[in-house]
Amino acid sequence: MSYISVLGFILVFIGFWGMLTQKNIIKIIIGFSIADTGIHLIIVAIGYIKDRTAPILDAAVSTGDALNKVVDPIPSALVLTAIVIGLAVTALMLTYAIQMYKHKRSLDISDYEELKW
């Protein structure tokens with residue numbers, strides 16, 4: 001297991017811990033972002049293969065030898081897509097947090113009891 005994947009798992013753990021233990025909505029959103037970054041690192045670490053190059057076919061890598069010299073581009077593409085989706089979700093959560101603050105003048109999650117069971 002590489003250092004990057006260990007760091008990714010640590011970030012996921014810290015992010016989930018932050019989401020589950022904090023009462024401030026902004027801190028919960030930050031925990032989500034940290035966990036999201038950890039997941040991105042794990043996916044990149046899974047897709048990495050030592051001593052291989054980027055999947056760009058040019059003079060350095062011939063078409064016939066590309067299978068043995070390049071890394072699979074799918075994990076990288078998935079991470080790029082996940083980064084964009086994570087950014088959009090984070091922006092949406094922050095927008096909701098701003099609207100909730102305007103309504104109740106509080107960012108403490110325990111002040112929002114009307115949505116509880």
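Residues numbered from 1 in each chain as written. Predicted model: local features only at pLDDT ≥ 70, side-chain atom pairs only at ≥ 80, totals over all residues. Heavy atoms only, no water.

Caption draft 1: Quick look at the environment of threonine 90. Looking at the element boundaries, threonine 90 is found in helix 4 (residues 74-104). The class for threonine 90 is buried, based on a relative accessible area of 14%. When the C-alpha atoms of threonine 90 and isoleucine 30 are compared, they prove to be 8.6 Å apart, with 60 residues separating the residues in sequence. Those residues in contact with threonine 90 that lie beyond four places of it in its chain are Ile29, Phe32 and Ser33. (Helix = DSSP H or I, 4+ residues; strand = E, 2+ residues; numbered from the N terminus. Buried < 20%, exposed > 50% of the residue type's maximum accessible area, 1.4 Å probe, protein only. Contact = heavy atoms within 4.5 Å.)

Caption draft 2: Region of the structure containing the environment of serine 2. Residue position: serine 2 is located in the segment before helix 1 (3-21). What makes serine 2 partly exposed here is its relative accessible area of 34%. Taking C-alpha positions, serine 2 is 19 Å from aspartate 36, a pair spaced 34 residues apart along the chain.

Caption draft 3: The side chain of serine 5, seen in detail. Along the polypeptide, serine 5 turns up in helix 1. A distance of 2.9 Å separates a polar atom in the side chain of serine 5 from the backbone oxygen of serine 2. (Polar contact = N/O pair within 3.5 Å; in protein donor to acceptor, adjacent residues only side chain to side chain.)

Caption draft 4: Local environment of a nonpolar patch on the surface. Taken together, the side chains of Val6, Ile10, Phe13, Ile14 and Trp17 define a hydrophobic patch exposed on the protein surface, amounting to about 510 Å² of accessible area. Note that isoleucine 14 resides in helix 1. (Patch = residues over 30% accessible without salt bridge, like charges linked within 9 Å, V, L, I, M, F, W, Y side chains within 5 Å. Areas by Shrake-Rupley, 256 points an atom, 1.4 Å probe, with all protein chains shown as cover. Salt bridge = Lys/Arg side-chain N within 4 Å of Asp/Glu carboxyl O.)

Caption draft 5: Structural context of the side chain of histidine 40. With respect to the helices, strands and loops of the structure, histidine 40 is situated in helix 2 (residues 25-47). In this structure histidine 40 touches Val79, Ala82 and Ile83, once residues within four positions along its chain are discounted.

Caption draft 6: Highlighting unusual backbone geometry. Non-glycine residue arginine 105 carries a positive phi angle of around 60 degrees. Relative to the helices and strands, arginine 105 resides in the segment after helix 4. A relative accessible area of 59% means that arginine 105 is categorised as exposed.

By themselves, these figures tell us nothing about what the structure is for.
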